Amino acid sequence: MKPFLRQQLARYADRLGELEFLMSRQDIMSDMEQFLKLSREHTDVAAVAGRWLRYQQREADLNAAQDLLKTSADDADMAEMAQDEINTASAELAQVEAELQRMLLPKDPDDARPAFVEIRAGTGGDESALFAADLARMYLRFCDRKGWKHEIISESASELGGYKEVVLRIEGDSVYGALKFESGGHRVQRVPVTETQGRIHTSAATVAVLPEPDEAEAIKINPSDLRIDTYRASGAGGQHINKTDSAVRITHLPTGIVAECQDGRSQHSNKAQALKVLTARIHEKDRSERAAKDAAERKSLVGSGDRSDRIRTYNFPQGRLTDHRINLTLYKLLTIMEGDLDDVVHALQAHEAAAQLAALELNA
């Protein structure tokens, strides 16, 4: 284990003692808010400190087994026992070290939140809109594989059955943490259904993944900064949705950011959902501006959410998906388009974890 990791972990052991002392004080025990705050920190710190203690114990076992092996050259049984312990301890040490590295990484508090996935057709006309629909289908299939709930918040269909724009809401275990790297420009290379001469075309769509804000965050928006318009919903939905002005469009006047929802049957539910989307977009604007300021200090754009970047290419003639941020190439495009995104998601998460670990070492 690298020295900087040992230094970081030693601090957790010291902090655990501090927290236990603080939580035993009468003045803190009587302050429920402060006590709960320290209790949550104690839970996190104790988990790291416990695994660090286990690492030290197994490290001592490994050293003892190595010493035993050196002194048991004439005793085959003892040497075999020592070697077995060396193998077992070494394997567990590697596992615990990997766990500790993950536990030390900074946690994005939004990772556990539901997410809005916004997909918009870009360059390429009708083919781009069809590709946007293919991306939406890919994400929905991925949700089904993960057991996540999903719904379409708003959609603008193209003439050939694609999407000019579609907004999905996805809820489940660590949705945003899994999908946040999808933000960016997605490029497709294939023969469009409208192509009569079999030529390969290139078109694009953009994806933005936004964490759904806490409901309390929506309240912080000044109502006087909002313009709320109602209109008759378009598209499928039966007689009811076409006869009432149930669709809602909300405009945040200071920023010009707009959100709309027409999926629900009531104006009230559509307004609530549109307000959530609006809040998420405002937060994403703030996040993007902060990321832009930090970009000069960061070597990787993974997770920056910069929608103008071409992050990925889907090459159908070659059956190839390439993620340009991490130089990942997979020749399983058709299964990926059916929702098999795990290899892509895990590779991007591992890349971010490695970058965070390098940053920790740099700042140690």
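Since the model is a prediction, treat every value here as computed from it, not as a measurement.

## Looking at the pairing of strand β7 (residues 247-252)
For a regular strand, the rule is simple: side chains alternate between the two faces of the sheet.
Alright, step 1. Judged by how many residues are buried, β7 sits mostly within the fold: 5 of 6 residues are covered.
Alright, step 2. Bridge count for strand β6 (residues 226-231) against β7 is 6 bridges, and the pairing is antiparallel. Within the sheet, the bridge partner assigned to tyrosine 231 lies in β7 and is alanine 247.
Alright, step 3. Pairing of β7 with strand β8 (residues 257-261) involves 5 bridges; the strand directions are antiparallel. Looking at β8, one finds that valine 248 is bridged to cysteine 261.
Alright, step 4. The antiparallel hairpin formed by β7 and β8 contains 4 residues in its connecting segment, where glycine 256 sits at a positive phi of about 80 degrees.

## Overview of a negative patch on the surface
Alright, step 1. Negative charge collects at one region of the surface, where Asp74, Asp75, Asp77, Glu80 and Asp84 lie side by side.
Alright, step 2. With respect to the helices, strands and loops of the structure, aspartate 75 is situated in the loop between α3 (32-71) and α4 (76-104).

## Quick word on unusual backbone geometry
Alright, step 1. Of note, serine 174 is a non-glycine position whose phi angle comes to about 55 degrees, a positive value.
Alright, step 2. Relative to the assigned elements, serine 174 resides in the loop between β3 (163-171) and α6 (175-179).
Alright, step 3. Residues other than glycine seldom take positive phi values, yet asparagine 327 does so here, at roughly 55 degrees.
Alright, step 4. You can see asparagine 327 is positioned in the loop between β10 (320-323) and β11 (328-330).
Alright, step 5. Here asparagine 327 falls in the exposed class, since its relative accessible area comes to 70%.

Cut-off values and rules
- Residues numbered from 1 in each chain as written.
- Predicted model: local features only at pLDDT ≥ 70, side-chain atom pairs only at ≥ 80, totals over all residues.
- Heavy atoms only, no water.
- Buried < 20%, exposed > 50% of the residue type's maximum accessible area, 1.4 Å probe, protein only.
- Helix = DSSP H or I, 4+ residues; strand = E, 2+ residues; numbered from the N terminus.
- Pairing = 2+ DSSP bridges.
- Patch = residues over 30% accessible without salt bridge, like charges linked within 9 Å, V, L, I, M, F, W, Y side chains within 5 Å.
- Areas by Shrake-Rupley, 256 points an atom, 1.4 Å probe, with all protein chains shown as cover.
- Salt bridge = Lys/Arg side-chain N within 4 Å of Asp/Glu carboxyl O.
- Lys, Arg positive; Asp, Glu negative; His and termini not counted.
- Charge placed at Lys NZ, Arg CZ, Asp CG, Glu CD.

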